[in-house]
Amino acid sequence: MDLNTELNDFDETEFRAWFDATAREGINYDETLYEALDILEQDQRRGTTPSYELGGAYTKSGNPEIYYL
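This structure is a prediction, so every number in the text was calculated from the model and none was measured.

Examining helix H2 (residues 29-46)
Given 3.6 residues to a turn, an α-helix orients residues that are three or four positions apart in the same direction.
Part 1: Here H2 contains 18 residues, and its C-alpha end-to-end distance of 26 Å stays within 8% of the 26 Å for a straight helix at 1.5 Å per residue.
Part 2: All buried positions along H2 are accounted for by Tyr29, Thr32, Leu33, Ala36, Leu37, Leu40, Glu41 and Asp43. Taken down its axis, H2 places every buried residue within 160° of arc, on the same side. With respect to the buried face of H2, the exposed residues turned more than 90 degrees away are Glu31, Arg45 and Arg46.
Part 3: The opening residue of H2, the one whose side-chain oxygen lies 3.0 Å from the backbone nitrogen of Asp30, is Asn28.
Part 4: One or two steps after H2, the chain reaches Gly47, where phi turns positive at roughly 85°.

The structure is reproduced here in structure tokens:
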């Protein structure tokens, strides 16, 4: 998959592993990926630590899970 992004340190394989380990069954990977990329880019532009939170309703644990770039 070719990602159109300004993020230099993003590794989709790493993100996919995090998603597979944390997201509950039935959560759309592609939608989550593009939402995460948008949020990570916004964080990077603001100069904050790029991170994406997957809400507890969407995780296997029922707790929010955070992916840090």
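Observations concerning the pattern of salt bridges
Part 1: Considering all chains together, one arrives at two salt bridges under this definition.
Part 2: Two residues, Arg16 and Asp20, come together in a salt bridge whose shortest N-O distance is 3.0 Å. Placement of the pair is Arg16 and Asp20 together in helix H1 (residues 12-22), with a separation of four residues, close to one helical turn.
Part 3: Judged by relative accessible area, Arg16 falls into the partly exposed class, the value being 35%.
Part 4: Notably, a salt bridge pairs Arg46 with Asp43, separated by 2.5 Å at the nearest N-O pair. One end of the pair, Arg46, and the other, Asp43, are both in helix H2, three residues apart, so they sit about a helical turn from each other.
Part 5: Relative accessible area serves as the criterion here: at 55%, Arg46 is assigned to the exposed category.
Part 6: Residue Asp43 is classed as buried on the basis of its relative accessible area of 8%.

Reading guide: rules and limits
Residues numbered from 1 in each chain as written. Predicted model: local features only at pLDDT ≥ 70, side-chain atom pairs only at ≥ 80, totals over all residues. Heavy atoms only, no water. Helix = DSSP H or I, 4+ residues; strand = E, 2+ residues; numbered from the N terminus. Expected span 1.5 Å × (residues − 1). Buried < 20%, exposed > 50% of the residue type's maximum accessible area, 1.4 Å probe, protein only. Arc of directions from axis to C-beta. Polar contact = N/O pair within 3.5 Å; in protein donor to acceptor, adjacent residues only side chain to side chain. Salt bridge = Lys/Arg side-chain N within 4 Å of Asp/Glu carboxyl O.

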